[in-house]
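So you can see what is in the structure, the chains are spelled out below.
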Amino acid sequence: MTEDTTATHLTDDALDRLTTALTAYTAMLEKATTGGGGGTPPAPPATPAPTAAQVEGLDAAFRYRLLRTLMSATGVEEVTGRVERRNRALEVTAHPAGTTVTHLQLVGDPVDDDSPGPRVQGVVPLSSGRVSAKTLRQAGIDVDGAFDDLRLLAGPAGPVVAVAPPLSVPADSHPDTH
Amino acid sequence: MFLSLAQLYGTTEAQQAEVLRVNALQLNRWLEEVWATGGTIPPILGTPRSPFLGDVDAVAVHRLPATLLTTRASGVDTTGADNFTGTPGPTTDGGLALVWDHLVYAYLVESTGIMEVFAEVVRRLLIGETLSATLTGPSVEWLRTTEDLFFKDPPIFAITGVVSQVRPQARANRRNAYWRMFGMDLPHPVPGRWGSSTETAWKADTGAGVNTDFRAKWTELLRQVWLGVENLSNSSGAKPTDPEYLRLLCEALRDMMNNRRRGGQLAREEFAYVATASWFHLTVASSSPIVTDLQCAATNPADRLAALANRVGMQSAARSRELFDLARPMSRFLRAIELGVFDTGPRAEQLFTDATLRSDLTTIIDNWQSATGERVKERPTGSVPPPSAQPLRVPTPAPGVPATNGVKA
């Protein structure tokens, strides 16, 4: 492997030798990482949780988009779906299949007795429909609470999700949404 | 408001034009239903105490009792203007109450001259044959509804009844509301037929309740947003973008508008004026029956309005196109500001980093600059030292300056 080979002058023979060397190098790396053959491949790097400022910014953008939709009546539709706990994450799925769920809107209890509605706790972005419990806890969300009263609202910027604990919204106000 | 109703009728021009055929009595009742249903920001948009309309009770204190409201329901049916459901009409979208436009929407649409042009169109159609037009059925329906809803005294006790013996002129009342909220008058005078063009009694007795510095703060906000857009992808060199300063500007605008809304002031007026403006906007939004019958069909609202104005010997505003394009985006943005959506630095930063907001704000900047002639995007160049990216003082809502009757502030 002492001959000089540039990308613009690769011969078939040189390309074969380069591929072989790369394959061997990859195998060597895998062995070093897993401590021998047959080990579990390393997990892909975890997506860093969004910072508080990022969550705040996303919340503002989300609210503006929803307000924009409501003021132009261009179509907020309820879609069905569910929220499930899987391992240490919350997974949101919407129907029909293939609908992209981009945000989780969390609604808390009313602030006081004469409040006309529930209080928003925040919006967290979803990655492939999932959000980690750690992210939710950082947003002050009780991840052990019930998430069985769910509204999915589909707007032009992608479906958004409102999760309301049973006590904050009458159960009969959201029929057939879970 | 009527643009939202049209959207609920469908997405085609023909479907949306059906709204213009609905009976005036039904539409009047529908407005009552919208008022009763809306007026509170949906919980997922803010806290229950969000200062929408200035007071959470602004709607409740004017709302009809529920039973009385449904005793004579509008029965508006979005499948056809001739249908009557016997129940209240659509007032929600996806279960969330419709949010009507901000007062600035009415101001911008009226700035095109559309109200005065249609006043003259309706007058001529009703008192003579100077327009030499033979109206089709849908146009006759539009004519009657328009006169009934907007050129008669409103039904007694109606939510849109913001005319009385103590404020008898709707034109003057609207100018009064615009003046108080934005410190701006309409660019055209009151036509001589309807009053004196020099009559400015509506400016009297506003006291300190005028947002005289709205325009300066608003323009500065647009300039700062544009700085952010310009420097969004800068990775080196000076970056004058300052989200915290944007926040301060948003807060100043929010506070000055909320000041005018204390105790629910201007809430009913805003609702009535926005409904009026949206009716005429909807009429020229497509080549509707009345536009077609008057042979004023064109490809956009501004050209249709210009053609209608020509038909009655008037001129619409030269920048009508920009004003129409500006009205709804600016209305949405001011609503969001009033709701405190951008009341922290990270939130305000979204004004130029979020794709939807950036697109809306760029539309607003382009159209505002063109409509008003204020150069938002340009800064002085040449041998003079470059100006600071922002003024020395942080923005605060200035106390209003009482206007003297007959003297423009």
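Residues numbered from 1 in each chain as written. Chains lettered and ligands numbered in written order. Predicted model: local features only at pLDDT ≥ 70, side-chain atom pairs only at ≥ 80, totals over all residues. Heavy atoms only, no water.

1. Comments concerning the overall build of chain B
Then, number 1: Regarding its fold elements, chain B presents 16 helices and two strands.
Then, number 2: Taking all 409 residues of chain B together, the buried fraction comes to 54%.
Then, number 3: Pairs at least 24 residues apart make up 77% of the contacts formed inside chain B by residues separated by at least 6 positions.
Then, number 4: Approximately 17100 Å² of chain B is accessible, and the part contributed by carbon and sulfur atoms is 51%. (Helix = DSSP H or I, 4+ residues; strand = E, 2+ residues; numbered from the N terminus. Buried < 20%, exposed > 50% of the residue type's maximum accessible area, 1.4 Å probe, protein only. Contact = heavy atoms within 4.5 Å. Areas by Shrake-Rupley, 256 points an atom, 1.4 Å probe, with all protein chains shown as cover.)

2. Observations concerning the environment of Gln7(B)
Then, number 1: Mapped onto the elements of the fold, Gln7(B) is located in helix α1 (residues 2–9).
Then, number 2: Separated by 71 residues in sequence, Gln7(B) and Thr78(B) have C-alpha atoms that sit 9.4 Å apart.

3. Here's the deal with unusual backbone geometry
Then, number 1: Of note in the backbone geometry, Ser132(B) takes a positive phi value of approximately 45° without being a glycine.
Then, number 2: Position of Ser132(B) among the secondary structure elements: in the loop between α6 (114–127) and α7 (137–150).

4. A closer look at the confidence of the model for chain A
Residues and elements named next belong to chain A.
Then, number 1: For chain A, the mean per-residue pLDDT works out to 56, and 21% of the residues sit at or above 70.
Then, number 2: No element of chain A has a lower mean pLDDT than helix α1 (residues 12–34), which averages 51, and none a higher one than helix α2 (residues 52–72), which averages 79.
Then, number 3: Predicted confidence is poor over residues 32–38, with pLDDT under 50, and the contacts of this stretch with residues over four places away or in other chains come to four contacts.
Then, number 4: Here residues 163–178 scores under 50 on pLDDT; set against residues more than four positions off or in separate chains, the count is 37 contacts. (pLDDT = per-residue confidence, 0-100.)

5. Brief notes about the nonpolar core
What tends to happen in soluble globular proteins is that the nonpolar side chains get buried as a cluster.
All names here are of chain B.
Then, number 1: Counting residues in each nonpolar core, the largest one holds 111 residues, and the members touching the most others are Phe2, Phe214, Trp218, Leu221, Phe342 and Leu351.
Then, number 2: Broken down by element, this core gets its largest block of residues, eleven residues, from helix α11 (residues 267–285).
Then, number 3: Those residues in contact with Leu351 that lie beyond four places of it in its chain are Leu221, Val225, Leu246, Cys250, Phe333, Phe342, Leu357, Arg358 and Leu361. (Core = buried A, V, L, I, M, F, W, Y, C linked by side-chain atoms within 4.5 Å.)

6. With respect to the packing of α6(B) against α7(B)
All names here are of chain B.
Then, number 1: Taken N-terminus to C-terminus, the directions of α6 and α7 make an angle of 115°; their axes are 11 Å apart at the nearest point. The crossing of α6 and α7 is left-handed. Residues Phe118, Val122, Leu125 and Leu126 of α6 form the contact with α7, whose own contacting residues are Trp142, Leu143, Thr146 and Glu147.
Then, number 2: By residue class, the composition of the contact of α6 with α7 is six nonpolar, one polar and one charged. (Axes fitted to C-alpha atoms, helices over the stretch in contact; angles between N-to-C directions. Left-handed = near helix turned anticlockwise from the far one by under 90°. Nonpolar A, V, L, I, M, F, W, Y, C, P; charged D, E, K, R; others polar.)

7. Some thoughts on helix α3 (residues 24–37) of chain B
Residue and element names in this part refer to chain B.
Then, number 1: Compared with the 20 Å implied by 1.5 Å per residue over 14 residues, the 20 Å span of α3 between its first and last C-alpha is a close match.
Then, number 2: Of all 14 residues in α3, twelve are buried, a share of seventy percent or more.
Then, number 3: Along α3, the residues classified as buried are Ala24, Gln26, Leu27, Asn28, Arg29, Trp30, Leu31, Glu32, Glu33, Val34, Trp35 and Ala36.
Then, number 4: If you follow the buried residues of α3, they end up packed against α1, α4 (66–71), α7 and α11.
Then, number 5: Capping the start of α3, Asn23 holds a side-chain oxygen 2.8 Å from the backbone nitrogen of Leu25, two or three residues further along. (Expected span 1.5 Å × (residues − 1). Polar contact = N/O pair within 3.5 Å; in protein donor to acceptor, adjacent residues only side chain to side chain.)

8. A look at the packing of aromatic side chains
Then, number 1: Under the definition given, this model contains 20 aromatic pairs over all chains.
Then, number 2: For the pair Trp179(B) and Trp202(B), a centre-to-centre distance of 6.3 Å together with 80° between the ring planes defines the contact as edge-to-face. Here Trp179(B), found in helix α8 (residues 170–182), pairs with Trp202(B), found in the loop between α8 and α9 (214–230); they are 23 residues apart in sequence, far enough to count as distant. Judged on exposure class, the residue Trp179(B) and its partner Trp202(B) are both buried.
Then, number 3: Seen in terms of ring centroids, Trp218(B) and Trp368(B) are 6.0 Å apart; in terms of plane orientation they differ by 80°. Their pairing is edge-to-face. Remark: Trp368(B) occurs in helix α16 (residues 355–372) and Trp218(B) occurs in helix α9; sequence separation between them is 150 residues. Judged on exposure class, the residue Trp218(B) and its partner Trp368(B) are both buried.
Then, number 4: Ring pairing ties together the aromatic residues Tyr64(A), Tyr107(B), Tyr178(B), Phe182(B), Phe214(B), Trp218(B), Phe333(B), Phe342(B) and Trp368(B), which thus form one cluster.
Then, number 5: In this arrangement the basic side chain of Lys203(B) is found over the ring face of Trp179(B), its NZ or CZ atom lying 4.2 Å from the centre. (Phe/Tyr/Trp six-rings, centres within 6.5 Å; stacked < 30°, edge-to-face > 60°. Lys NZ or Arg CZ within 6 Å of the ring centre and 35° of its normal.)

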